[in-house]
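For reference, the chains in residue letters:
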Amino acid sequence: SGIVNVNMYLTPPYSQAFEAHWDPMETIILQVHGRKTWSIWEGGVALGRYDMKYKPKQEEIGTLLQRIDLRQGDILYIPSGTIHE
């Protein structure tokens, strides 16, 4: 058995929900409407835990690895500890 959490976020056009951060859990993103650009950076932590700080300082964010445009129906997997925005 395990724990499953579901979060839903609404980001209005031309705005940003969160600054660059990492999450302590595996993240699966389903774009249900519209589109959103995600950025993935080098850095982060290998084994993120809930008791750790999730927002890295600017100097802790590595090189931009990828920008991904999600459109309605697209799915993106982000491993635990991966810096993204």
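Provided above is the structure to which this section pertains.
Computed from a prediction, not measured in an experiment: that's the story for all the values here. (Residues numbered from 1 in each chain as written. Predicted model: local features only at pLDDT ≥ 70, side-chain atom pairs only at ≥ 80, totals over all residues. Heavy atoms only, no water.)

### A closer look at the nonpolar core
(1) Moving on: Judged by nonpolar contacts, Ile-29, Trp-38, Ile-40, Ile-68, Leu-70, Leu-76 and Ile-78 together constitute the single largest core of 7 residues.
(2) Moving on: Elements supplying a minimum of two residues to this core: strand S2 (35-41), strand S3 (64-71) and strand S4 (75-78).
(3) Moving on: In contact with Leu-70, other than residues within four places in its own chain, are Ile-29, Gln-31, Gly-34, Arg-35, Lys-36, Trp-38, Ile-75 and Leu-76.
(4) Moving on: Judged by nonpolar contacts, the second largest core, of 5 residues, contains Ala-20, Trp-41, Ile-61 and Ile-83. (Core = buried A, V, L, I, M, F, W, Y, C linked by side-chain atoms within 4.5 Å. Buried < 20%, exposed > 50% of the residue type's maximum accessible area, 1.4 Å probe, protein only. Helix = DSSP H or I, 4+ residues; strand = E, 2+ residues; numbered from the N terminus. Contact = heavy atoms within 4.5 Å.)

### As for the pairing of S2
(1) Moving on: Buried residues dominate S2, accounting for 5 of its 7 residues.
(2) Moving on: Of the strand pairs in this sheet, S2 and S3 are connected by 7 bridges, and their pairing is antiparallel. Note on S3: the bridge partner recorded for Trp-38 is Ile-68.
(3) Moving on: Of the pairings in the sheet, the one linking S2 to strand S5 (residues 83-84) comprises 2 bridges and is antiparallel in character. Bridge pairing in S5 places Ile-40 opposite His-84. (Pairing = 2+ DSSP bridges.)

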